[in-house]
Amino acid sequence: MTKFVYQCSNCGKRYQRDEVRYLCPLCSRDYRSGIPLIGVLSAQFDYGAIRRKFSKVKPDWNQFSAVEEKFYPPLPVGNTPFFKTAALGNELGFDNVWIKNDGLNPSASLKDRASFLVVAEANRLKEQTIVAASTGNAASALAAVCAAAGKRALIFVPENAPKAKLVQMILYGATVVPVRGTYDDAFRLSLEYNAKRGGLNRNTAYHPLTIEGKKTVGLEIWQQNHWRVPDAILVPTGDGVIISGVHKAFCDLKAAGLISRLPRLVCAQAEKSNAIHHYVESGIYENAAHPDTIADSISVSIPSNAHMARQAILESGGFSITVSDAEILEGQSTLAAKTGVFAEPACSAVVAALKKLRGSKRLGHSEQIVLLITGHGLKDVDAAMRGIHLPKAVEPTLAAVEVALKARAKKGAR
Ligand SMILES: *Cc1c(COP(=O)(O)O)cnc(C)c1O
Ligand SMILES: [Zn+2]
């Protein structure tokens, strides 16, 4: 680990590591529930020290970590596959499309990265209980890492979270409290619980190490891309923490003199859960009135990290785009059929976004484009079912099989 301080993303004030835990104490006085967080903290490292010590021959990623390795939970996270997909590129009209498949984490989403680091921090602080509000994945990730680390996870989720995610949390041994309300209600409730009962809160962006944890996906992309910076990274965006984390990775690398430019970040949101998109396009923040989308992981009315996310997108030279639920389901099936990667609806939004960008001047067709796949499709089979038809069973005779296949061929089905 390299020394770091926390810096407020709003007022710029710096704090020693153990002087603060969550938001900037000054700026968060203006925070109330119902608006994005104010005063989200960002870890600022000793970049001069990293510049002197970091070696590509023997990369020591602990230099970019805000928690010492000795506190890491015993559940390996990350190091997920990064590969080029010619077939999907051809289909979408781009020559150089890559996939970072973070659905292959232990609990099957990128959220494991954030939970890993926050649980490491809980080890350091000797906190036994970790509390979180989540649309589903952050909670299943926290439950998984807590299981490995012998910690108690207390989780507030909207009662309509996909079943597989709820099942995961419970199997991992978490205490799960389904809430009659939205994710935004669960978020508020978790803060109220912590204020009264203590424990460490893992809410996204509220705990600054959620951003640091998610940052590791950006560092990995750089390494797996043979130390080159991709031209653009498409990021499915709800609260805006993943996109801020990816940006932070490349900002850290640039500050350490290891790269000279940033990748453009493309924020992909669902049409009805578009608060960050609207903010990027208009400069004016408004909650999404009815964040109703099949992509539950990016369904949020009040994105907690809206301010930092907007800044990350603009600073990177990127932009934002929205897609409909129908486009998301089509993206999911295109991705699966062309690459063998089954992704949940949230991240299928990036495939839909790329499809929409074909022919626009915003992405060049020979640029290196990375699709960040953040969660596994098996987490929400009900959603995927809406985009497909399950074939009826046939009698177990070859004759019946042939009749059935002929009928399907007639309809243009497989
Ligand atoms: C949480 C999540 C996102 C969105 O990340 P934010 O930090 O909320 O923007 C995207 N995809 C999946 C699968 C997720 O679980
Ligand atoms: Zn501040």
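Residues numbered from 1 in each chain as written. Chains lettered and ligands numbered in written order. Predicted model: local features only at pLDDT ≥ 70, side-chain atom pairs only at ≥ 80, totals over all residues. Heavy atoms only, no water.

1. Let's talk about the nonpolar core
Across soluble globular proteins, you tend to see nonpolar side chains buried next to one another. Note the cut-off: To define a nonpolar core, start from buried Ala, Val, Leu, Ile, Met, Phe, Trp, Tyr and Cys residues and group those joined through side-chain atoms within 4.5 Å. Any residue under 20% of the maximum accessible area for its type is buried, any over 50% is exposed, and the rest in between are partly exposed; the area is computed with a 1.4 Å probe on protein chains only. Under the DSSP-based scheme used, a helix requires at least four consecutive residues in state H or I and a strand at least two consecutive residues in state E, with every element numbered from the N terminus. The contact definition used throughout considers only heavy atoms, calling two residues in contact when any of these lie within 4.5 Å.
Of all hydrophobic cores here, the largest spans 93 residues; its most connected members are Met169 and Phe250. The biggest single contributor to this core is helix H8 (residues 241-255), with seven residues. Once residues lying within four places of it in the same chain are set aside, the contact partners of Met169 are Gly136, Ala139, Ser140, Ala143, Ile155, Val157, Ala174 and Val176. In terms of nonpolar packing, the next biggest core, distinct from the first, is built from 35 residues, Val97, Ala295, Ala349 and Ala352 among them.

2. Overview of the coordination of the zinc ion (ligand 2)
Put simply, the rule reads: Water is absent from the atoms considered, so a metal site may look incomplete; donors are defined as N, O and S atoms within 2.8 Å of the metal, or 3.2 Å for Na, K and Ca. Donor angles set the geometry label: tetrahedral for four donors if every angle is between 85 and 135 degrees, square planar for four and octahedral for six if opposite donors exceed 155 degrees and the others are between 65 and 115, irregular for anything else.
At 2.2 to 2.4 Å from the zinc ion (ligand 2) lie its protein donor atoms, namely Cys8 (SG), Cys11 (SG), Cys24 (SG) and Cys27 (SG). The site at the zinc ion (ligand 2) holds four donor atoms, and with the angles between them running 106 to 115°, its shape is tetrahedral. Read in sequence order, the donor residues for the zinc ion (ligand 2) give the motif C-x2-C-x12-C-x2-C. Placement of Cys8 in strand E1 (residues 4-8) and of Cys24 in the loop between strand E2 (14-15) and strand E3 (41-45) is noted, with a sequence separation of 16 residues between them. The exposure class assigned to Cys24 is buried, which follows from its relative accessible area of 0%.

3. Quick word on the environment of Thr175
Mapped onto the fold, Thr175 is located in strand E8 (residues 175-179). Assessed through its relative accessible area of 33%, Thr175 is described here as partly exposed. Separated by 32 residues in the primary sequence, Thr175 and Ala143 have C-alpha atoms spaced 8.7 Å apart. When residues no more than four places from it in sequence are discounted, the contact partners of Thr175 are Arg152, Ala153, Leu154 and Ile155.

4. Observations concerning the layout of surface pockets
A water-sized probe rolled over the atoms picks out the places where empty space is left. For clarity, the threshold we go by: Grid spacing is 1 Å over the protein atoms alone, the probe is 1.4 Å, and a cavity is where that probe fits but cannot get out, while a pocket is an open set with protein on both sides within 12 Å along at least five of seven lines and lining residues have an atom within 4 Å of a point. Grid points are joined across faces, edges and corners, and a volume is the space filled by probe spheres set on the points.
Roughly 760 Å³ of internal volume is contained in the largest pocket. In this structure, the largest pocket is lined by 25 residues; those nearest its centre are Ile388, His389, Leu390, Pro391 and Ala413. For the lining of the largest pocket, the secondary-structure elements that each account for two or more residues are helix H11 (325-339), helix H13 (381-385) and helix H14 (398-411).

5. Digging into the packing of helix H3 (residues 111-125) against helix H4 (residues 137-149)
Operational definition: Under this scheme, a helix contributes an axis fitted over its contacting stretch, all axes are lines through C-alpha atoms, and angles between N-to-C directions fall in the 0 to 180 degree range. Note on terminology: angles under 35 degrees are roughly parallel, angles over 145 are roughly antiparallel, angles of 65 to 115 are roughly perpendicular, and the others are oblique. Crossing handedness: left-handed means the near helix sits turned counterclockwise from the far one by under a right angle, and right-handed means the same turn made clockwise. Residues are grouped as follows: Ala, Val, Leu, Ile, Met, Phe, Trp, Tyr, Cys and Pro are nonpolar; Asp, Glu, Lys and Arg are charged; every other residue, Gly included, is polar.
Remark: H3 packs on H4, axes separated minimally by 8 Å, with the N-to-C direction vectors making an angle of 45°. When the axes of H3 and H4 are compared, the pair comes out oblique. Crossing hand, H3 versus H4: right-handed. Contacts between H3 and H4 involve Lys111, Asp112, Ser115, Phe116 and Val119 from the first element and Asn137, Ala138, Ala141, Leu142, Val145, Cys146 and Ala149 from the second. Within the contact of H3 with H4, the residues separate by chemical class into eight nonpolar, two polar and two charged.

6. A look at the packing of helix H9 (residues 275-282) against helix H10 (residues 306-315)
Two elements in contact, H9 and H10, have axes separated by 10 Å at closest approach and are oriented at 50°. Relative to H10, the element H9 is oriented oblique. Once H9 is placed against H10, the crossing between them reads as right-handed. Residues Ile276, Tyr279 and Val280 of H9 pack against Ala306, His307, Ala309, Arg310, Ile313 and Leu314 of H10. Residue composition of the contact of H9 with H10, grouped by class: seven nonpolar, one polar and one charged.

7. With respect to the sheet that holds strand E13 (residues 369-373)
For the record, the criterion: At least two bridges found by DSSP between two strands is the condition for calling them paired.
Spatially, the six strands line up as an open sheet ordered E4-E5-E13-E10-E11-E12, and their pairing is mixed. Each edge of the open sheet is held by one strand with a lone partner, namely strand E4 (82-84) and strand E12 (319-323). This sheet shows a mean twist of 25° between the axes of neighbouring strands, independent of strand direction. Of the strand pairs in this sheet, strand E10 (residues 232-236) and strand E11 (residues 264-270) are connected by five bridges, and their pairing is parallel. Among the inter-strand pairings, Ala232 is bridged to a residue of E11, identified as Arg264. Of the strands in this sheet, E10, E11 and E13 are in contact with H8, which crosses E11 at around 175°. With respect to the sheet, H11 is in contact with strand E5 (97-101), E11, E12 and E13, its orientation differing from that of E12 by roughly 95°.

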